[in-house]
Amino acid sequence: MTIGPWPLFPYPTITSSGVTDGSLFPVHADCQYCPTRECVKDDGAPVGISKQCRFGLTYARVDDNRVVAGVVTSDLPATTQRARKRIRREPQRHVRAATLRSSIEAARRLGVGVVDDMEAARQEAFARLETDPEFLRSLAEQLRQDFADNLNQSHDFLQLVKLVRGHAESLLHDRYPDLPPSEAADKLPTEGAIYYSTELMLLKMDSMVFLNEINIVHGSERRFKVHSFFLKYLRIYDWQAREKDLRVRLEGTCHSSVFYNDKAIGAVFQGLLDNLVKYSPPSSSAAVTFNELEDHISITFTSLGPRIEQHERQQIFLPKYRAKAARAIEMTGLGVGLAAAKQISDALDLELQVEQDDTEDGRFPGRFRTTFNVRLQRAQ
């Protein structure tokens, strides 16, 4: 089966669909009628590396679906008896391993559409994220829809979490009837852990709601003091931070009010605090800084986090995506918090951004000073 430009390629190739003659060599008769075609099934073969099949012919993987096959490589470090016979009897099909590899690399440089390679397609798609905002939005929307079914199936779990929280609040009330649950939780480690865990689960599920239906950020707006509102979220995550001896400082002052859907702003706070606490190393410190300006409030989340490569700066805001270094440090995570924060930011023009120092922290290897920033418009 002839596909695209492959008849112009020097050597014959085989896919699961059929064979294609090369411009220099036609398909080998033994490949044409091969009963096994194990070369195509050798998914673990490195791209461009010459290998020998059981019949003594050389093959080399081009991409996820195509291999060069039916040539004879005479300069491999080890050859089978059948391969040595091929070398003697078929000099017209001799190809050096380096020549075969360079030809495959040249073909792969033509990119997606010529080669069928998932990793190449992935890298090409991520490269577009840096320069094509519309493509970024389209990809985010596609990934976001994957959460819709999960959210629809989570109703029973949500009710269970609320039931557990209710029991925890009852226990806290029995011990400290005059205190609100959050203050009582700070005095009782066991009951407090249950209470804050359920609060954390509910916050994360709120984020999934906005990821599933971003239009609900518009509506139900109200005027509220952003600083005191933020303290609710900080209190929940401060409990988790203390578990790893992480100190989260609150810096700056802010007396202004904002006019937004408060649950949407809460989801942004939740996503950024969750990221800060999750990836900060134990016994380190982090800061949330409020800067009240003439027409807006700037809020900065600063901590030590794993390396975010330059090409990952946009990708970390995609649903289900987590930076490579982050995955190595923390195995758990759904890639929801930052994705929801970014989508809300885009919908409300909060200008969520991330920056990271290039220099590794001297005390904590593998961690870099990382800053997330959002801007909230002051209410008139």
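You'll find the structure just up there.
What counts, and where the lines are drawn
- Residues numbered from 1 in each chain as written.
- Predicted model: local features only at pLDDT ≥ 70, side-chain atom pairs only at ≥ 80, totals over all residues.
- Heavy atoms only, no water.
- Helix = DSSP H or I, 4+ residues; strand = E, 2+ residues; numbered from the N terminus.
- Buried < 20%, exposed > 50% of the residue type's maximum accessible area, 1.4 Å probe, protein only.
- Contact = heavy atoms within 4.5 Å.
- Areas by Shrake-Rupley, 256 points an atom, 1.4 Å probe, with all protein chains shown as cover.
- Core = buried A, V, L, I, M, F, W, Y, C linked by side-chain atoms within 4.5 Å.
- Phe/Tyr/Trp six-rings, centres within 6.5 Å; stacked < 30°, edge-to-face > 60°.
- Patch = residues over 30% accessible without salt bridge, like charges linked within 9 Å, V, L, I, M, F, W, Y side chains within 5 Å.
- Salt bridge = Lys/Arg side-chain N within 4 Å of Asp/Glu carboxyl O.
- Lys, Arg positive; Asp, Glu negative; His and termini not counted.
- Charge placed at Lys NZ, Arg CZ, Asp CG, Glu CD.
- Polar contact = N/O pair within 3.5 Å; in protein donor to acceptor, adjacent residues only side chain to side chain.
- Pairing = 2+ DSSP bridges.
- Axes fitted to C-alpha atoms, helices over the stretch in contact; angles between N-to-C directions.
- Disulfide = S-S within 2.5 Å.
- Expected span 1.5 Å × (residues − 1).

### Thoughts on the overall build of the protein chain
What the protein chain contains, in helices and strands, is 13 helices and 12 strands. The proportion of buried residues among the 380 residues of the protein chain is 47%. In the protein chain, of all internal contacts separated by at least 6 residues, the share reaching a separation of at least 24 is 64%. A total accessible area of about 19,700 Å² is found for the protein chain, and carbon and sulfur atoms account for 50% of it.

### Structural notes on the nonpolar core
The biggest cluster of nonpolar side chains holds 59 residues, and the ones touching the most others in it are Phe269, Ile299 and Phe301. Top contributing element to this core by residue count: helix H11 (residues 262-279), with 10 residues. Membership of the second largest hydrophobic core comes to 12 residues, among which are Phe9, Ala60, Val62 and Val68.

### Some remarks on the packing of aromatic side chains
Applying the stated criterion to the full structure yields 11 aromatic pairs. Summarising the aromatic geometry, the rings of Phe229 and Phe269 are spaced 6.2 Å apart at their centres and angled 50° between planes, so their arrangement reads as tilted. Note that Phe229 is positioned in helix H10 (residues 226-243) and Phe269 in helix H11, a separation of 40 residues in sequence. The exposure class of Phe229 is buried, given its relative accessible area of 11%. Judged by centre distance (6.0 Å) and plane angle (70°), the ring pair of Phe230 and Phe301 falls under edge-to-face. In this pair, Phe230 sits in helix H10 while Phe301 sits in strand E10 (residues 296-306), placing the two residues 71 residues apart along the sequence.

### Regarding a positive patch on the surface
On the surface, a cluster of positive charge is made up of Arg82, Arg84, Lys85, Arg88 and Arg89. Mapped onto the elements of the fold, Arg88 is located in helix H3 (residues 81-89). On the basis of relative accessible area, Arg88 is assigned to the exposed category, the value being 57%.

### Re the side chain of Asp274
If you trace the backbone, Asp274 turns up in helix H11. A polar contact is formed between the side chain of Asp274 and the side chain of Tyr237, at a distance of 2.9 Å. Here Asp274 is in contact with Lys204 and Tyr237, once residues within four sequence places are set aside.

### Some thoughts on the sheet that holds strand E5 (residues 67-71)
Spatially, five strands are ordered E2-E1-E5-E4-E3 in an open sheet, and the strand pairing comes out antiparallel. Since the sheet does not close on itself, it has two edges, and those belong to strand E2 (18-20) and strand E3 (51-52), each with one partner. Bridge analysis of strand E4 (residues 58-61) against E5 gives four bridges, and the strand direction is antiparallel. Along E5, the bridge assignment pairs Arg61 with Val67. Packed on one face of the sheet, helix H4 (residues 97-108) meets E4 and E5 and runs near 30° to E4.

### What about the environment of Tyr321?
Structurally, Tyr321 is set in the loop between E10 and helix H12 (324-329). Taking C-alpha positions, Tyr321 is 9.5 Å from Leu338, a pair spaced 17 residues apart along the chain.

### Some points on the state of the cysteines
Within the structure shown, the criterion is met by zero disulfides. Here Cys31 stays unpaired: no disulfide links it, and the sulfur of Cys39, its closest cysteine neighbor, is 6.4 Å away. Judged by its relative accessible area of 9%, Cys31 falls in the buried class. A disulfide-free cysteine, Cys34 has its sulfur positioned 6.5 Å from the sulfur of Cys39, the nearest such atom.

### As for the side chain of Ser103
You can see Ser103 is positioned in helix H4. Beyond its immediate sequence surroundings of up to four residues, Ser103 is in contact with Phe9 and Tyr11.

### Considerations on helix H13 (residues 337-348)
Here H13 contains 12 residues, and its C-alpha end-to-end distance of 16 Å stays within 8% of the 16 Å for a straight helix at 1.5 Å per residue. Counting buried positions along H13 yields 10 of 12 residues, so the element is predominantly enclosed. Taken together, the buried positions of H13 are occupied by Gly337, Leu338, Ala339, Ala340, Ala341, Lys342, Gln343, Ile344, Ser345 and Leu348. A positive backbone phi angle near 60° is found at Asp349, which sits one or two residues after H13.

### Regarding the pattern of salt bridges
Under the definition given, this model contains 13 salt bridges. The partner of Arg242 in a salt bridge is Asp238, with the nearest N and O atoms 2.7 Å apart. Taken together, the positions of Arg242 and Asp238, both in helix H10 and four residues apart, correspond to about one turn of that helix. Taken together, the shared-partner salt bridges connect Asp30, Arg86 and Glu90 into one network.

### So, unusual backbone geometry
We note that Ser220 has phi near 60°; this positive angle belongs to a residue other than glycine. Position of Ser220 among the secondary structure elements: in the loop between helix H9 (189-212) and strand E6 (221-225). Its relative accessible area of 65% is what places Ser220 among the exposed residues. Of note in this structure, Ser283 is not a glycine but carries a positive phi near 70°. Here Ser283 shows up in the loop between H11 and strand E9 (285-292).

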